[in-house]
Amino acid sequence: MRCFDIGGKVGPFLGESQRYIIFGKTIMPEHPLESPVIRMPPSKKAGEFQLTYGPLAGGMLESVTLKFITPGEIIRGVGVEDKFKAREIKVSGRTIPDAILMIERLNGFHAASHSIAFSMAVEEAIGIKVPEEILKARMAMLELERIRSHLHVVANLAEADSFAVPSKRLSYLSEKVTRLISRTSGHRYFFGSIFPGGVFFSNRDKLSDLSSIGKEFNSIYGGLLSSKIFLSRLKGNGILQGEKIIGPAGRAAGISNDARLHSGCLPFGKTGLREITYADGDAYARFRVRSDEILESIRVIENLDLPAEIDGKKQQVSFDGPSKGAAIVESPSGPIFYYVEVEDGLIHLIDYSFPSPFNISYFSRSMKGKVFTDFQFNWESYGIWISESSAVIS
Amino acid sequence: MTKYWFLNGIRRRILTEKDLSAYKNPGLLWPSRIEGHGEVSCPVDAISSGGWNSEKCIFCRRCIPSYTPTGDQDIYETEKSDPVFRKSFHIFLVDSGTCGACNTEINSIFAPQYDANRLGIFVTNTPRDADAIVVMGVYTEKMQEPLKRAIEAVPKPAMVIGLGTCALSGGILGKNPLDREVYFTRISGCPPSPYTIIRALEEMRNRRRDGR
Ligand code: SF4
Ligand code: SF4
């Protein structure tokens, strides 16, 4: 396989699918662990009660139910019932052009990450080799998505603290990036712009807003770092440590796990990308990782030497591919892995690993012993998407 | 950057755009009204002999070049306008089964560029305080009951707004959570843009749609 060898453990742990445990350079066909989502809270002890929040809870972006077990103030455990809005997405048996329309709607906020990982897996399966300029455009798209997603998380953290001015200024920047995405890909969420064999991409305005966005973000970031009240909400909140932690949560706990550098799927190594890690593993470290990554992603895009225009023309399909393929990308919340088998132009089998189930389990683990006022900060710091964790893909 | 956020906010001056007619944002073509003719293979049958159906369209661009986007963001329908909500309009959001983008897009109408709060539009945390319910996403079994209870809890006459292709027709992922007729207002798009959302809500309230 282009991105992976089969067997062995080479590189950091990046996730697990129905069939494989995924590392940076290898996938191991071992029976995986149970779903990482902790759906049920621990059973109640004498003097404790369960507090249920959701599925239509004010302050939560998506439908989800949280079940806290508490004797009053301290939270002893929390279960996350993420299946209320579970969509059944039937990809098998679909043509490749139809399948990509479904995949990009798995998690609309991270549609570029999903579509690029899926497209690369399909390209390997059906024998498409994409030119370097398409790879570069895809890398720029991934980084634009990362910038917006991290801005969204940092804005939510500020909002959780009722910190209105930085929160609004961050959502202003987030909307600016969304408009940039729209000008670059033709759609505010990249829908319809990424598919096996190509992309729609325009760099006619040279992504010129990015440097001013970076400058303005840097000034807000500096302001947040000097706010004792804001920092006191994050420091020591939701501490997560361990070895097999994926995504920004892992990098905030000192683990070098960025799939952009540890997997050979996309040539990020050539961009001089710097991996951001912090040691403390708390909500503050996750905030720092995301904020630093915003600035790093801007730097990467500015150094990419992007093509001016790619018009979405399909690439040549050879059909002498191995009929199976796998690929991984580092989405803003952690690695997204797809494995596909293609038969007669139809998706025959699909297997995947997404970051949101992991992030939900990290949230549950790191809420133990915290109090209710910690909850919103801790939840937001993981960048969880229920659309992604709850979808049932066949 | 000083520590005085309030002053920082003022120093940036007004960021809200005066005119919310989307035609001034030339990058915004998908979604917008689509025009053209000819036979195309549409994955959701949004093009038929009756023309283009915005409520089915997922704006996938497969019909290019026979059909092209116009940039016109007025892709919504509302049964009637009610001036009773001119001063303030409170909405409660229900996610029946979204991909997340309809959720973030309706939230983006409160970003400083649009600032829907200045127009008197607010999101409530409970349906009891709401004037209207905004339904997003496809039908999912477990969300049917919470959706029904939320609609019952809105003070009568409850107005139900369908936001996005999934809510209106099921799109490419499923079926719609409520019958089309239940929606007082139907806002097309996958997801609908902030311009379309604001213009639809303003028309429901019998106000100027451009935010001025
Ligand atoms: S954009 Fe896609 S969904 Fe819409 S009419 Fe064209 S082909 Fe159909
Ligand atoms: S209408 Fe489109 S954007 Fe909205 S939830 Fe459905 S797939 Fe997502």
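For the structure itself, look to the data block above.
Just so you know, these numbers come straight off a predicted model, no measurement behind them. (Residues numbered from 1 in each chain as written. Chains lettered and ligands numbered in written order. Predicted model: local features only at pLDDT ≥ 70, side-chain atom pairs only at ≥ 80, totals over all residues. Heavy atoms only, no water.)

Enquirer: With reference to specific residues and values, describe the environment of B:Gly162.
Expert: All names here are of chain B. Tracing the backbone through its elements, the reader meets Gly162 in strand β9 (residues 159-163). Using a relative accessible area of 0% as the deciding quantity, one classes Gly162 as buried. When near neighbours in sequence (up to four residues on either side) are disregarded, Gly162 contacts Val135, Ala167, Leu168, Tyr183, Thr185, Arg186 and Ile187. (Helix = DSSP H or I, 4+ residues; strand = E, 2+ residues; numbered from the N terminus. Buried < 20%, exposed > 50% of the residue type's maximum accessible area, 1.4 Å probe, protein only. Contact = heavy atoms within 4.5 Å.)

Enquirer: Quick one: what's the story with the pattern of salt bridges, residue by residue and with numbers?
Expert: Residue and element names in this part refer to chain A. What the rule picks out here adds up to 33 salt bridges over all chains. A salt bridge links Arg138 to Glu123; the nearest nitrogen and oxygen atoms lie 2.7 Å apart. One end of the pair, Arg138, is in helix α3 (residues 132-160); the other, Glu123, is in helix α2 (residues 111-126), and 15 residues separate them in sequence. Exposure class is identical for Arg138 and Glu123. Each is buried. The partner of Arg260 in a salt bridge is Asp258, and the shortest N-O contact between them spans 2.7 Å. In this structure Arg260 comes out as buried when scored by relative accessible area, which is 5%. What you see here is one network of salt bridges that share partners, running through Glu143, Arg146, Arg251, Asp258, Arg260, Glu293 and Glu330. (Salt bridge = Lys/Arg side-chain N within 4 Å of Asp/Glu carboxyl O.)

Enquirer: Explain the interface of chain A and chain B to me, and be specific about the residues and the numbers.
Expert: Taken residue by residue, the interface counts 56 residues in chain A and 51 residues in chain B. For the pair chain A and chain B, the summed buried surface comes to about 4,300 Å²; carbon and sulfur atoms form 60% of the total. At the boundary of chain A with chain B, the tally comes to four salt bridges. As a salt-bridge pair, A:Arg188 and B:Glu105 come within 2.4 Å of each other at their nearest N and O atoms. Put simply, chain A and chain B have 22 residue pairs in polar contact (both at pLDDT 80 or more) between them. Listing elements by their share of the side of chain A that touches chain B, those giving two or more residues are β8 (88-89), α1 (96-103), α4 (164-185) and α5 (209-225) of chain A. For the side of chain A that touches chain B, the element with the most residues is α4(A), which contributes twelve residues. Across the side of chain A that touches chain B, the residue classes tally to 21 nonpolar, 18 polar and 17 charged. (Buried area = accessible area lost by both parts, 1.4 Å probe. Polar contact = N/O pair within 3.5 Å; in protein donor to acceptor, adjacent residues only side chain to side chain. Nonpolar A, V, L, I, M, F, W, Y, C, P; charged D, E, K, R; others polar.)

Enquirer: Just give me the short version of the site of ligand 2, but keep the residues and values in it.
Expert: Every residue close to ligand 2 is listed here: A:Arg105, B:Thr98, B:Cys99, B:Ala101, B:Cys102, B:Gly164, B:Thr165, B:Cys166, B:Cys190 and B:Pro191. Positioned at a junction of chains, ligand 2 has nearby residues supplied by chains A and B. Split by residue class, the shell around ligand 2 holds six nonpolar, three polar and one charged. (Near = heavy atom within 4 Å.)

Enquirer: Can you tell me about the state of the cysteines, naming the residues and giving the values?
Expert: Residues and elements named next belong to chain A. Under the criterion given, the structure shown has one disulfide over all chains. Here Cys3 engages in a disulfide with Cys265; their sulfurs sit 2.0 Å apart. On the sign convention where negative means left-handed, the S-S torsion of about 130° between Cys3 and Cys265 marks this disulfide as right-handed. In this pair, Cys3 is assigned in the segment before β1 (5-6) and Cys265 in the loop between α8 (259-262) and α9 (283-302), connecting sequence segments 262 residues apart. Comparing Cys3 with Cys265, the two get one shared label, buried. (Disulfide = S-S within 2.5 Å.)

Enquirer: Can you explain the sheet that holds strand β9 (residues 194-195) of chain A? Please cite residues and give values.
Expert: Strand pairing in a sheet relies on backbone hydrogen bonds, with the paired strands running either antiparallel or parallel. Residues and elements named next belong to chain A. Strand order across the open sheet formed by three strands is β9-β10-β11, with antiparallel pairing between neighbours. A strand with exactly one partner marks an edge of an open sheet, and here the two such strands are β9 and β11 (309-311). Pairing of strand β10 (residues 198-202) with β11, which is carried by three bridges, proceeds in the antiparallel orientation. Pairing of Phe201 across the sheet is with Ile310, part of β11. (Pairing = 2+ DSSP bridges.)

Enquirer: So what's going on with α3(A)? Residues and values would help.
Expert: Helix length check: α3(A), at 29 residues, gives a terminal C-alpha distance of 42 Å against a target of 42 Å (1.5 Å per residue), a fit within 8%. Note on α3(A): the residue one or two positions beyond its end, A:Ser162, has a positive phi of about 55°. (Expected span 1.5 Å × (residues − 1).)

Enquirer: Describe α5(A), naming the residues involved and giving the relevant values.
Expert: Taking 1.5 Å as the rise per residue, α5(A) with 17 residues should run 24 Å; its terminal C-alpha atoms sit 24 Å apart, in good agreement. For α5(A), the set of buried residues is A:Leu210, A:Ile213, A:Gly214, A:Glu216, A:Phe217, A:Ile220, A:Tyr221, A:Gly223 and A:Leu224. Structurally, α5(A) contributes buried residues whose contacts are with α3, α4, α6 (228-234) and α9 of chain A together with α1 (5-11) of chain B.

Enquirer: Please give an account of the sheet that holds β9(B) that cites residues and values.
Expert: Residue and element names in this part refer to chain B. Strand order in the open sheet made by the six strands is β5-β10-β9-β8-β6-β7, with mixed pairing throughout. Lying at the two open borders of the sheet, with one neighbouring strand each, are β5 (76-78) and β7 (121-123). Each adjacent strand pair in this sheet contributes to an overall mean axis angle of 25°, direction not counted. Note that strand β6 (residues 89-97) and β7 share three bridges and pair parallel. Each bridged residue has a counterpart across the sheet, and for Ile91 the counterpart in β7 is Val123. Strands in contact with helix α5 (residues 194-204) are β5, β6, β7, β9 and β10 (185-187); relative to β5, the strand with the most contacts, it is inclined by about 15°. (Axes fitted to C-alpha atoms, helices over the stretch in contact; angles between N-to-C directions.)

Everything listed here is a matter of geometry and, on its own, says nothing about what the molecule does.
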